[in-house]
Amino acid sequence: MPEHNEPTFDFLSGREGDFMETVMDELKAVPWAKLVADDVNASGGLKGKNKAKLFELRFGYGLHKAGIQPRYETPGEGESTLDFGFTSDGHEFLVEMMRLEETDAVRAATTTEEFADGATMVKRSLTTTAKDPRQSEEGEMLKAVERICQKFESGGKPHKFPLPRSATHVLLVDVRTLFNGGDEWDRVHVGLGGEYVSHEIFRRYFKGKLVSGVFSPRTTLRGASEARERLHFIGFVNEKSFEEGAFGPAVQFIANPHLFKTAEEARAALAGWPLGEPNILNAPAPKVVGHLLKLADTLSNLTVGEAAGLAKLLKDKWKVPTL
């Protein structure tokens, strides 16, 4: 994290701080949350440098509100631990959390300008033509892929998630520092690679090469093969508001195509997700056309007489023989 006197856009807002104060107070008697809150308080309390722990607390708070008591710092691969393990609606989940902190390149591209009246403006310039190619949106996207992949390898060995068994493995990534949260094309690009981005204008090239994603077989970064082998979903979290019930809708998932043969399999793996209907960008739920919903609602409210009349009409229409 940058020092307090360095220009940054990654700060703890008043709204976030106020909400976290409420969350920490409500969870003060919950054993797992007390461990996190103690870490936060020992490191200065509600400050920007503690945003990673506050991110954990907000997710855990969502679980708490859903009636789930998670296992915190549950054993992972080797000597590592995973932030949360829990069961929801009969499904087992292992969840690791991470923040994409501001990179050195982004901080170098962030400057301040002081005016005669004493006002100060902080500005950031990430351009393809920057003298340092890392100070570009392409460089930032490549760095995001690299950071995520690195979670899965340590000392030349697999790290964090074990080989898939019965649990669904989810990595939740706070992406507010990546293009101010970015959009769904950025998520697809980071998760799957530029070839999955349908519009050329949204594809990113670094030094002339299309940036590949975490789950792409083209990605040879440290930890990439382990991510493809062990991680079911990346959940990109871009929180816009800080209030009860806001965390779930802020997540967009990318499913690992190496672990799921079909979109139906991917949706089934997240069927028990406790924070609302999951939004899987590469395995979206089928949309029910509005008029079909209206028809279903109408049919469910028919009287006995109306239902009998409709049944006779359909029999006559389809020439169904009377038994």
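Use the structure listed above.
These numbers come from a predicted model, not from an experiment.

Caption draft 1: Spotlight on the side chain of H232. Mapped onto the secondary structure, H232 falls in the loop between α7 (224–230) and β11 (233–237). At 2.8 Å, the side chain of H232 forms a polar contact with the backbone nitrogen of H169. Among residues more than four places away in sequence, those in contact with H232 are P164, A167, T168, H169, F215, I254, A255, N256, L259 and F260.

Caption draft 2: Quick look at helix α5 (residues 137–150). Its 14 residues give α5 an end-to-end C-alpha distance of 20 Å, which sits within 8% of 20 Å, the value for a rise of 1.5 Å per residue. Every buried residue of α5 is accounted for by E138, G139, E140, M141, A144, V145, I148 and C149.

Caption draft 3: Representation of the sheet that holds β11 within the structure. Sheet architecture is open: six strands sit in the order β1-β2-β3-β8-β11-β12, paired in mixed fashion. The open sheet has two edge strands, β1 (71–75) and β12 (251–255), and neither has a second partner. Neighbouring strand axes in the sheet, compared pairwise and without regard to direction, differ in orientation by 35° on average. In terms of strand pairing, strand β8 (residues 168–174) meets β11 through five bridges, oriented parallel. In the sheet register, D174 faces β11, and the bridge partner there is V237.

Caption draft 4: Looking closely at the packing of aromatic side chains. This structure, assessed with the given rule, holds 17 aromatic pairs. Look at F233 and F253: their rings are 6.1 Å apart centre to centre, the planes differ by 75°, and that puts the pair in the edge-to-face class. Of the two residues, F233 sits in strand β11 while F253 sits in strand β12, which places them 20 residues apart along the sequence. Exposure remark for F233: the relative accessible area of 0% places this residue in the buried category. Among the aromatic residues, those joined into a cluster by ring pairs are W32, F55, F59, Y72, F84, F86, F93, F233, F247, F253, F260 and W273. Across the ring face of F179, the terminal group of R204 is positioned such that the distance to the ring centre comes to 4.6 Å.

How each quantity is defined
- Residues numbered from 1 in each chain as written.
- Predicted model: local features only at pLDDT ≥ 70, side-chain atom pairs only at ≥ 80, totals over all residues.
- Heavy atoms only, no water.
- Helix = DSSP H or I, 4+ residues; strand = E, 2+ residues; numbered from the N terminus.
- Polar contact = N/O pair within 3.5 Å; in protein donor to acceptor, adjacent residues only side chain to side chain.
- Contact = heavy atoms within 4.5 Å.
- Expected span 1.5 Å × (residues − 1).
- Buried < 20%, exposed > 50% of the residue type's maximum accessible area, 1.4 Å probe, protein only.
- Pairing = 2+ DSSP bridges.
- Axes fitted to C-alpha atoms, helices over the stretch in contact; angles between N-to-C directions.
- Phe/Tyr/Trp six-rings, centres within 6.5 Å; stacked < 30°, edge-to-face > 60°.
- Lys NZ or Arg CZ within 6 Å of the ring centre and 35° of its normal.

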